[in-house]
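So the chains spell out like this:
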Amino acid sequence: LSNSLCGFARLGLTPRNSFLETWYTAAQRETRRASPEQLANTLWAFGKLKLQPREQFLEIWFDAGEISMTCTTWSAQDLANMIWAFGELSIQPRESFAAKCNANNQPELDAISEEICPRR
């Protein structure tokens, strides 16, 4: 699912509503099993396309993200894509998600911060 949306984003093409309806239906079933990379890339694609994800999808996305962060650490690239998408789409992460993200990914978040704002 993330690859299909990313394909549209890389081509700069906005998917038709009929595609998005089908995509959202599949996303309801599949998002909870998505990898950190797939979760991050999905939000990146929404940001690149300037498409605001549906609220229902975001709830499922945050649920999947919290489960994922409990089981594994996200890569710096995945975190950067996610953070960029949050900013691009003006998405405020839910508090429980942000807490898990900070607790489980501190070295990666520090690396991103250092890259953006190097300490002198």
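Each remark here, short or long, concerns the structure printed above.
Residues numbered from 1 in each chain as written. Predicted model: local features only at pLDDT ≥ 70, side-chain atom pairs only at ≥ 80, totals over all residues. Heavy atoms only, no water.

This paragraph deals with the environment of Ile-60. Assignment of secondary structure puts Ile-60 in helix α4 (residues 55-71). In this structure the C-alpha to C-alpha distance between Ile-60 and Thr-31, which are 29 residues apart in sequence, comes to 6.9 Å. (Helix = DSSP H or I, 4+ residues; strand = E, 2+ residues; numbered from the N terminus.)

What follows is about helix α5 (residues 76-89). Taking 1.5 Å of rise per residue, 14 residues should cover 20 Å, and α5 covers 20 Å from first to last C-alpha, within 8% of that figure. Among the residues trailing α5, Ser-90 stands out with phi positive, at a value near 55 degrees. (Expected span 1.5 Å × (residues − 1).)

Attention now moves to the pattern of salt bridges. Within this structure, the stated rule accounts for seven salt bridges. Between Arg-94 and Glu-59 there is a salt bridge whose closest N-O contact spans 2.9 Å. On the criterion of sequence distance, the pair formed by Arg-94 in the loop between α5 and α6 (95-104) and Glu-59 in helix α4 is long-range, its members being 35 residues apart. Among the residues examined, Arg-94 registers a relative accessible area of 22% and is labelled partly exposed. Members of the salt-bridge network, linked through shared partners, are Arg-32, Glu-59, Asp-63, Glu-66 and Arg-94. (Salt bridge = Lys/Arg side-chain N within 4 Å of Asp/Glu carboxyl O. Buried < 20%, exposed > 50% of the residue type's maximum accessible area, 1.4 Å probe, protein only.)

At a minimum axis separation of 14 Å, α4 and α5 run at an interaxial angle of 155 degrees. As far as their axial angle goes, α5 and α4 are roughly antiparallel. For the pair α4 and α5, the crossing hand works out as left-handed. Listed contacts from α5 to Trp-61, Phe-62 and Met-69 of α4 are Leu-79, Met-82 and Phe-86. Residues of the contact of α4 with α5, tallied by class, amount to six nonpolar, no polar and no charged. (Axes fitted to C-alpha atoms, helices over the stretch in contact; angles between N-to-C directions. Parallel < 35°, antiparallel > 145°, perpendicular 65-115°, else oblique. Left-handed = near helix turned anticlockwise from the far one by under 90°. Contact = heavy atoms within 4.5 Å. Nonpolar A, V, L, I, M, F, W, Y, C, P; charged D, E, K, R; others polar.)

Before going further, it helps to spend a moment on the packing of aromatic side chains. Under the defined criterion, the tally for this structure stands at 15 aromatic pairs. A centroid spacing of 5.6 Å and a plane angle of 80 degrees characterise the contact between Trp-23 and Phe-46, whose relative ring orientation is edge-to-face. You can see Trp-23 sitting in helix α2 (residues 17-30) and its partner Phe-46 sitting in helix α3 (residues 36-49), a full 23 residues away along the chain. Like Phe-46, Trp-23 is buried. An angle of 35 degrees between the planes, with centres 5.9 Å apart, marks the rings of Phe-62 and Phe-86 as tilted. Of this pair, Phe-62 sits in helix α4 while Phe-86 sits in helix α5, and the two are 24 residues apart along the sequence. One exposure class covers both Phe-62 and Phe-86, and it is buried. (Phe/Tyr/Trp six-rings, centres within 6.5 Å; stacked < 30°, edge-to-face > 60°.)

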